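Here's the letter readout for the chains.
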2 protein chains.
Amino acid sequence: MIYTEKRTEQELRKNGFKITPQRRAVIDAIAGSHEHLTPAAIYNRVRREHPSIGLVTVYRTIEVLAGLGLICETHAGGSCRSYLMRRPSEHHHHLICSDCGKVVDFTNCDLDDLESRLVKETRFKINGHLLEFLGQCLECSKIKGR
Amino acid sequence: MIYTEKRTEQELRKNGFKITPQRRAVIDAIAGSHEHLTPAAIYNRVRREHPSIGLVTVYRTIEVLAGLGLICETHAGGSCRSYLMRRPSEHHHHLICSDCGKVVDFTNCDLDDLESRLVKETRFKINGHLLEFLGQCLECSKIKGR
DNA sequence: AGCCAAATGAAAACGATTTTCAATTAGTAA
DNA sequence: TTACTAATTGAAAATCGTTTTCATTTGGCT
């Protein structure tokens, strides 16, 4: 736990960010919870020990931490809700190029085993899933290399 | 396709909702797409054929359809983003309750075979993936039934 | 101690969604 | 067919979460 906070600060420093009491407080709040916290929940926790902090600062700190991959975000960015007609079968998924945004569809995600395992373990009633692969398409790999 | 629209109207009627041209238009728009559509995207499609419709009506129709389980909603309602400290053990995924927003983590997504298949077929360089299952947790299934 | 870019907080701006309310309309009953 | 009523609609305002702006403060360097 304390190890996590230390490591997080090192990582911030390494990337040229400053360590402020506010950032420490946000990191402590997230590291001190094993639940997923919404920005508002993080704000409330931080305020207990640090009443004068602004919600804006919480958002900005979250942005930095997520940008460095130090915290993990549920729900990829972009707009929040989307809808699809519920059909008997057919569904598909996306393979997205992070550089040019090209989207390739694919089917046969073959998640049935995984789904049954989850149903058994969590007792959830599962309605669907969202699966996206992210990477670079052939063209972009050629151009940008790396 | 037409079958889907018909069935949807029947289901609305059965539940005491009226069939209006606006609702027909929204249903057509969603049924006519194999992609997940955001409310705004639905609105834009509907306006092509029905320019005077209000965005509010689109939202209200979506709400009714989703409430009856006729369309499937990606991303649980309520606030959109939540964060968790990324710990050494790392890579995990989410199972999200669409009703109360509860998030259960799981690991072992076992997507390596699928990933190699996609690399072979598309020549993408794959950097990562996003996998979320959506459903109802045990508590919410009990409350809401269905 | 002093400097400067980075970070902060308050307020305003913003976009998505919801509520309010008066006017319209679908579906039923006469 | 006409008339009635509750449901539905659209416009505007309200609300919620998030982002931007900007003047002030501060961490980390010299």
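This structure is a prediction, so every number in the text was calculated from the model and none was measured.

Our focus in this paragraph is the protein's contact with DNA strand C. The immediate surroundings of DNA strand C are formed by 21 residues, with Thr20, Arg23, Thr57 and Arg60 of chain A together with Tyr59 of chain B found nearest. Counting only atoms of DNA strand C within 4 Å of the protein, the fraction found in sugar and phosphate groups is 70%. Residue isoleucine 19 of chain B places a main-chain N or O atom 3.1 Å away from a phosphate oxygen belonging to DNA strand C. Looking at the surface near DNA strand C, the elements with two or more residues in it are helix H2 (21–31) and helix H4 (55–67) of chain A together with helix H4 (55–67) of chain B. Broken down by element, the residue count for the surface near DNA strand C peaks at 4 residues, all from H4 of chain B. Counted by class, the surface near DNA strand C contains 9 nonpolar, 5 polar and 7 charged residues.

Take the protein's contact with DNA strand D next. Taken together, 21 residues lie around DNA strand D, and Tyr59 of chain A together with Thr20, Arg23, Thr57 and Arg60 of chain B are the ones closest in. Protein-proximal atoms of DNA strand D, defined as those within 4 Å of the protein, fall in sugar or phosphate at a share of 70%. Here a phosphate oxygen of DNA strand D and a backbone polar atom of lysine 18 of chain B are 3.1 Å apart. Within the side chain of arginine 60 of chain B, one N or O atom sits 2.6 Å away from a base nitrogen of DNA strand D. Broken down by secondary-structure element, the contributors of at least two residues to the surface near DNA strand D are H4 of chain A together with helix H2 (21–31) and H4 of chain B. Counting residues per element, the surface near DNA strand D draws most heavily on H4 of chain A, which supplies 4 residues. Looking at the surface near DNA strand D, its residues break down into 9 nonpolar, 5 polar and 7 charged.

What follows deals with the pattern of salt bridges. According to the stated counting rule, one finds 8 salt bridges over all chains in the structure shown. Salt-bridge contacts for lysine 14 of chain A lead to glutamate 11 of chain A; the nearest nitrogen and oxygen are separated by 3.3 Å. Taken together, the residues span about one helical turn, with lysine 14 of chain A and glutamate 11 of chain A both in helix H1 (residues 2–14) at a distance of 3 residues. For glutamate 9 of chain B, the salt bridge is made with arginine 24 of chain B, and the minimal N-O distance between the two is 2.7 Å. In this pair, glutamate 9 of chain B is assigned in helix H1 (residues 2–14) and arginine 24 of chain B in helix H2, connecting sequence segments 15 residues apart. In the salt-bridge network here, residues are joined through shared partners; they are Glu9, Arg13 and Arg24 of chain A.

Criteria and thresholds
Numbering of residues begins from 1 in every chain and follows the order in which that chain's sequence is written. As a convention, the first chain written is A and the first ligand written is 1, with the rest following in written order. Under the rules for a predicted model, residues below a pLDDT of 70 receive no local features and side-chain atom pairs below 80 are neither given nor counted, while totals for whole chains, interfaces and linings still include all residues. The basis for every side-chain value is the complete set of non-hydrogen atoms in the structure, without hydrogens or water. Proximity is defined per residue: if any heavy atom of the residue lies within 4 Å of a molecule or strand, that residue is considered near it. Pairing of N or O atoms within 3.5 Å defines a polar contact, subject to two protein rules: one partner must be a possible hydrogen donor and the other a possible acceptor, and residues neighboring in sequence count only if both atoms are side-chain atoms. Numbering of helices and strands runs from the N terminus; a helix is a DSSP stretch of H or I covering at least four residues, while a strand is a stretch of E covering at least two. Side-chain classes follow a simple rule in which Ala, Val, Leu, Ile, Met, Phe, Trp, Tyr, Cys and Pro form the nonpolar group, Asp, Glu, Lys and Arg form the charged group, and the remainder, Gly included, forms the polar group. Whenever a carboxyl oxygen of Asp or Glu lies within 4 Å of a side-chain nitrogen of Lys or Arg, that contact is scored as a salt bridge.

Note that all results are geometric; they support no functional claim without further evidence.
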